Amino acid sequence: MEQATITVDLEAELAGLLDELSAVQDEMLMVLGEKRRHMAQRDLEGMRSLEPRERELCTRLENCHRRRLELLELAAGQGLPSDSIGKLASALPGKPARLGKQAKEASQRMRLLQHHSLTNWVLAQRSLLHLSQLLEIVATGGRLQPTYTKGDTSQSRGALVDREA
């Protein structure tokens with residue numbers, strides 16, 4: 001009788017974890033979409049306004065990760081699979097189909113989150129590259145300079161530094 005109670009608790013804990021993870025992932029997808037729109041519109045204030053939400057969601061994700069580790073340790077103690085939530089869900093007595101489906105959907109959403117995060121990172125990197133190129137144009141007065149030169153380097157002055165440029 002004791003074993004059944006522990007398994008039911010494990011099932012309920014797993015369901016709670018997957019529900020929370022699903023909610024956090026959905027919110028994070030919305031925040032990443034908003035952030036991408038703000039980046040594309042160069043809306044720095046809008047991006048700054050998202051920071052508290054991002055921090056709160058990161059904290060919630062960290063809590064989900066901690067709970068996941070605790071559940072997997074509990075499962076290992078009961079002789080159940082402890083290498084992934086999906087395998088644990090499919091190994092529970094009665095194999096609750098809802099839990100297996102939720103675990104699979106959470107995994108798919110995590111991939112989507114990775115994709116959106118990468119997209120935002122690439123957008124930020126391209127913006128930095130663009131700014132770097134603009135700074136170089138301003139610094140050199142728009143004149144292309146060879147990387148290595150022989151002889152007089154006096155022509156490499158920037159328009160911001162020298163009056164005659």
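Analysis parameters
Residues numbered from 1 in each chain as written. Predicted model: local features only at pLDDT ≥ 70, side-chain atom pairs only at ≥ 80, totals over all residues. Heavy atoms only, no water. Helix = DSSP H or I, 4+ residues; strand = E, 2+ residues; numbered from the N terminus. Areas by Shrake-Rupley, 256 points an atom, 1.4 Å probe, with all protein chains shown as cover. pLDDT = per-residue confidence, 0-100. Buried < 20%, exposed > 50% of the residue type's maximum accessible area, 1.4 Å probe, protein only. Contact = heavy atoms within 4.5 Å. Patch = residues over 30% accessible without salt bridge, like charges linked within 9 Å, V, L, I, M, F, W, Y side chains within 5 Å. Salt bridge = Lys/Arg side-chain N within 4 Å of Asp/Glu carboxyl O.

Caption draft 1: Expanded view of the overall build of the chain. A count of helices and strands for the chain gives four helices and zero strands. Listing the helices and strands of the chain from first to last along the sequence gives α-α-α-α. In the form shown here, the chain has an accessible surface area of approximately 11,500 Å², with 57% of it arising from carbon and sulfur atoms.

Caption draft 2: Representation of the confidence of the model for the chain. Per-residue confidence for the chain gives a mean pLDDT of 84; residues scoring 70 or more make up 81%. Taking the mean pLDDT of every element in the chain, the minimum, 85, falls on helix 1 (residues 2–40) and the maximum, 95, on helix 2 (residues 44–77).

Caption draft 3: Representation of the environment of Ala12 within the structure. Mapped onto the elements of the fold, Ala12 is located in helix 1. Relative accessible area serves as the criterion here: at 47%, Ala12 is assigned to the partly exposed category. As for Ala12 and Leu99, which are separated by 87 residues in sequence, their C-alpha atoms are 9.8 Å apart.

Caption draft 4: Representation of the side chain of His38 within the structure. Assignment of secondary structure puts His38 in helix 1. With a relative accessible area of 17%, His38 lands in the buried category. Among all residues touching His38, those that are not within four sequence positions of it are Asp43, Gly46, Met47 and Leu50.

Caption draft 5: Local environment of a nonpolar patch on the surface. Together, Leu128, Leu131, Leu134 and Ile137 give the surface a local cluster of nonpolar side chains, amounting to about 370 Å² of exposed area. By the secondary structure assignment, Ile137 is in helix 4 (residues 97–140).

Caption draft 6: The arrangement of unusual backbone geometry in detail. In the Ramachandran plot, Arg42 falls in the positive-phi region, its phi being about 55° despite a non-glycine side chain. Within the secondary structure layout, Arg42 lies in the loop between helix 1 and helix 2.

Caption draft 7: The side chain of His116, seen in detail. The residue His116 is located in helix 4 in this model. With near-sequence residues (within four places) excluded, His116 lies in contact with Leu29, Leu32 and Arg36.

Caption draft 8: Geometry of the pattern of salt bridges. Counted by the stated rule, this structure contains 10 salt bridges. In this structure, the salt-bridge partner of Glu27 is Arg60, at a minimum N-O distance of 3.1 Å. Of this pair, Glu27 sits in helix 1 while Arg60 is found in helix 2, placing the two residues 33 residues apart along the sequence. Residue class for Glu27 comes out partly exposed when judged on its relative accessible area of 27%.

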